[in-house]
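Here are the chains, one letter per residue:
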Amino acid sequence: MDKVLLFYEKDDYYDFKDSKTLEGYSIISVTKLIHNLSLIKEFDTNSEIIDLSALTEYNSIQSIFEQMIYQFEETPIFICDVSKREKLEYELRFIFDEFENVDRETFVKKVKETELLNNEKQLVSKRHKKIIDLNDDELSQFFSEFRNRLYGHSKFKDDFEQQIRTFRVFNKLGEHKILSLFLMGESGVGKTEVARTIFNCLKGEKKLAKINFGNYSNEFSLSSLIGSARGYIGSDDGEIFMKVRETDMGILLIDEFEKSNSTLFNYFLEVLESGKMTSSLGEEMDLNGFIIVFTSNISKEDFKKRISPELRSRFDYKCIFTLLSDNDKMKYIEFRAESISKKVKSEFKIDLGEQLKAYLSTCINVSSYKNMRDINKQIKKEFLTYLSIYQSNQDENIEIQNNTTKVGFTRKLLNILNG
């Protein structure tokens, strides 16, 4: 059987990949096999394709590939980025019988036929709902819910509403692509909660797209975030592209922004200027209409020292979150009690009424806690006490929906609490 190397255009890669996925194939990088030749014995030519693009980064391409190619019992399908064609066509001229371009019409047609079958469903599932999509009534409801769900920070709420209204107008004029908020303050005062509240008030059903920059402080942080070059191990999309694709809302949270480095700061400077994210492969994702919330524990003084003037000027709104008042903390306890009670009633048909709220409000001294994170930890501890009191007041054999045992009942309630 002739050995053929197929070349694809960069813009066609994902269509080609999708068409082969439909046929039951997966694509792996040649580097995976070069680093572990024993994997060749496990290679399945009926379900795997080898991408040779990364070969051009090695010296002695011919000798390296010859050590590998003759260990296959059957000839696999080999593909490569067309930009590498000149070099590989020469280096591998004694190994491959033919060098050809992939038949683009075949795989594009296959992908389009599959897309047409579920076109409407796919459009709905992939589309991000954004603040710019709301009509006037929906926007009013959004602001009302946002104010009720976010505790404290009344000035921020007023400013946020004005920012949203201004953003919607100038976004329609094509002059404002992304609304960016930079929130500073101590841990647990509600910065991250802003993004979660926006997500929930937009009725998000999937997961909030969140990136923690505490994990992006090393020299390889940009590759981890936006993906590495195709053909390398781990060359799939970076975390930020995966998170944005997986969410259904036009809201992105960048937590602990100050813990990263200048490379990523510069990347986001470009994102906020263009309204688009660009992967390492040059592919773009349009974030028009998105809200990006950046959070940081740094002070106002450190903000000026750590963040460049160019990037600071790109943030639409900058705010320092202060500690919550005791009244705000008490409202948060009441909210959490109501939320837990509703979930318990929905799951087990048990109505806790106002009992849990009264219990938590009485036994938790809000003045002893600086922030909501500490209060929430105490709520969990007190709920365990409340749970034991509740169970001791019931008959020995509690009958609840689907005959859950006491142990199972406790476990499920704890899952509800953590959720």
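Given the structure is predicted, the values throughout are model-derived calculations rather than measurements.

## Here's the deal with the nonpolar core
Grouped burial of nonpolar side chains is what soluble globular proteins tend to show.
Consideration 1: Membership of the largest hydrophobic core comes to 33 residues, with the highest contact counts inside it found for Leu-225, Ile-240, Ile-254, Phe-257 and Phe-268.
Consideration 2: Within the residue set of this core, elements represented by two or more residues are β6 (179-185), β7 (209-212), α10 (221-226), α11 (239-246), β8 (251-255), α12 (262-274) and β11 (291-296).
Consideration 3: Per-element tally for this core: the top contributor is α12, with seven residues.
Consideration 4: Setting aside anything within four residues of it in sequence, one finds Ile-240 in contact with Ile-211, Leu-225, Ile-226, Leu-252, Ile-254, Phe-268 and Met-277.
Consideration 5: Within the second largest apolar cluster, 30 residues are counted, among which are Phe-156, Leu-253, Val-293 and Tyr-317.

## Looking at a nonpolar patch on the surface
Consideration 1: Taken together, Val-169, Phe-170 and Leu-173 make up a surface patch of nonpolar side chains, about 280 Å² in accessible area.
Consideration 2: Take Leu-173: it is sitting in the loop between α8 (154-172) and β6.

## Considerations on the pairing of strand β3 (residues 48-51)
Consideration 1: Here β3 shows two buried faces, one formed by Glu-48 and Ile-50 and the other by Ile-49 and Asp-51.
Consideration 2: Alignment of strand β2 (residues 26-29) against β3, held across four bridges, turns out to be parallel. Counterpart to Ser-29 in the pairing with β3 is Asp-51.
Consideration 3: Bridging between β3 and strand β4 (residues 77-81) involves three bridges; their strand directions are parallel. Looking at β4, one finds that Ile-49 is bridged to Ile-77.
Consideration 4: Following the chain from β3 across helix α3 (residues 61-69) to the adjacent parallel β4, one finds a crossover that is right-handed.

## So, α8
Consideration 1: The terminal C-alpha atoms of α8, which comprises 19 residues, lie 28 Å apart, in line with the 27 Å expected from a rise of 1.5 Å per residue.
Consideration 2: Within α8, the full set of buried residues consists of Phe-156, Lys-157, Phe-160, Glu-161, Ile-164, Phe-167, Arg-168 and Asn-171. In a view along the axis of α8, the buried residues occupy a sector of 140°, so they form one face of it.

## Concerning the packing of helix α7 (residues 136-149) against helix α9 (residues 191-201)
Angle between the axes and distance between the axes are the two parameters that describe a pair of packed helices.
Consideration 1: Relative to each other, α7 and α9 sit at 140°, their axes nearing to 10 Å. On the basis of their axis angle, the class for α7 and α9 is oblique. Here α7 and α9 pass one another in a crossing that is right-handed. Contact residues: α7 offers Phe-142, Glu-145, Phe-146 and Arg-149, while α9 offers Val-194, Thr-197, Ile-198, Asn-200 and Cys-201.

## Observations concerning the environment of Ile-307
Consideration 1: Relative to the assigned elements, Ile-307 resides in the loop between α13 (300-306) and α14 (309-314).
Consideration 2: Residue Ile-307 is classed as buried on the basis of its relative accessible area, which comes to 1%.
Consideration 3: For the pair formed by Ile-307 and Ser-262, sequence separation is 45 residues and the distance between their alpha carbons is 8.6 Å.
Consideration 4: With near-sequence residues (within four places) excluded, Ile-307 lies in contact with Phe-257, Phe-265, Asp-302, Arg-312 and Phe-315.

## What about the packing of aromatic side chains?
Consideration 1: As enumerated under the stated definition, the model contains 33 aromatic pairs in all.
Consideration 2: Summarising the aromatic geometry, the rings of Phe-182 and Phe-303 are spaced 4.7 Å apart at their centres and angled 40° between planes, so their arrangement reads as tilted. Note that Phe-182 is positioned in strand β6 and Phe-303 in helix α13, a separation of 121 residues in sequence.
Consideration 3: Centroid distance Tyr-267 to Phe-268: 5.7 Å. Interplanar angle 85°. Geometry classified as edge-to-face.

## Topic: the side chain of Lys-191
Consideration 1: By the element assignment, Lys-191 lies in helix α9.
Consideration 2: For the buried residue Lys-191, which engages in no salt bridge, the nearest side chain bearing the opposite charge is Asp-255, 6.6 Å off.
Consideration 3: There is a polar contact of 2.9 Å between the side chain of Lys-191 and the backbone oxygen of Glu-186.
Consideration 4: Within polar-contact distance, the side chain of Lys-191 engages the side chain of Asn-297 at 3.3 Å.
Consideration 5: With sequence-adjacent residues up to four places away left out, Lys-191 is seen in contact with Leu-183, Met-184, Gly-185, Glu-186, Val-293, Thr-295, Ser-296, Asn-297 and Phe-321.

## A short note on the confidence of the model for the protein
Consideration 1: Here the protein averages 82 in pLDDT, while 85% of its residues score no lower than 70.
Consideration 2: Across the protein, element-level confidence peaks in β11 with a mean pLDDT of 96 and bottoms out in helix α6 (residues 119-126) with 40.
Consideration 3: Ignoring residues within four places in sequence, the model shows residues 395-407, a span with pLDDT below 50, making 16 contacts including any to other chains.

## Some details on the sheet that holds β3
Consideration 1: The five strands lie next to each other as β2-β3-β4-β1-β5, forming an open sheet whose pairing is parallel. Strands with a single pairing partner mark the edges of an open sheet, and in this sheet they are β2 and β5 (98-101). The sheet shows a mean angle of 35° between the axes of neighbouring strands, taken without regard to direction.
Consideration 2: In the packing of helix α1 (residues 13-22) onto the sheet, the strands contacted are β1 (4-8), β2, β3 and β4, and the crossing angle to β2 comes to about 125°.

## Quick look at the pattern of salt bridges
Consideration 1: All chains considered together, the criterion is met by 14 salt bridges.
Consideration 2: Between Glu-23 and Lys-20 there is a salt bridge; the shortest N-O distance is 3.3 Å.
Consideration 3: Lys-20 gets classed as buried once you look at its relative accessible area, which sits at 16%.
Consideration 4: Taken together, the salt bridges that share partners define one network made up of Arg-147, Asp-158, Glu-161 and Arg-165.

## Some words on the packing of helix α15 (residues 326-348) against helix α16 (residues 355-363)
Consideration 1: Interaxial distance between α15 and α16 falls to 9 Å at its minimum, and their mutual angle equals 145°. Handedness of the crossing formed by α15 with α16: right-handed. Residues Met-330, Ile-333, Glu-334, Ala-337, Glu-338, Ile-340 and Ser-341 of α15 lie in contact with α16, whose contacting residues are Leu-356, Lys-357, Leu-360 and Ser-361.
Consideration 2: Taken together, the residues of the contact of α15 with α16 break down into six nonpolar, two polar and three charged.

Rules behind the numbers
Residues numbered from 1 in each chain as written. Predicted model: local features only at pLDDT ≥ 70, side-chain atom pairs only at ≥ 80, totals over all residues. Heavy atoms only, no water. Core = buried A, V, L, I, M, F, W, Y, C linked by side-chain atoms within 4.5 Å. Buried < 20%, exposed > 50% of the residue type's maximum accessible area, 1.4 Å probe, protein only. Helix = DSSP H or I, 4+ residues; strand = E, 2+ residues; numbered from the N terminus. Contact = heavy atoms within 4.5 Å. Patch = residues over 30% accessible without salt bridge, like charges linked within 9 Å, V, L, I, M, F, W, Y side chains within 5 Å. Areas by Shrake-Rupley, 256 points an atom, 1.4 Å probe, with all protein chains shown as cover. Salt bridge = Lys/Arg side-chain N within 4 Å of Asp/Glu carboxyl O. Pairing = 2+ DSSP bridges. Right-handed = clockwise from strand over helix to strand, strands pointing away. Expected span 1.5 Å × (residues − 1). Arc of directions from axis to C-beta. Axes fitted to C-alpha atoms, helices over the stretch in contact; angles between N-to-C directions. Parallel < 35°, antiparallel > 145°, perpendicular 65-115°, else oblique. Left-handed = near helix turned anticlockwise from the far one by under 90°. Phe/Tyr/Trp six-rings, centres within 6.5 Å; stacked < 30°, edge-to-face > 60°. Lys, Arg positive; Asp, Glu negative; His and termini not counted. Polar contact = N/O pair within 3.5 Å; in protein donor to acceptor, adjacent residues only side chain to side chain. pLDDT = per-residue confidence, 0-100. Nonpolar A, V, L, I, M, F, W, Y, C, P; charged D, E, K, R; others polar.

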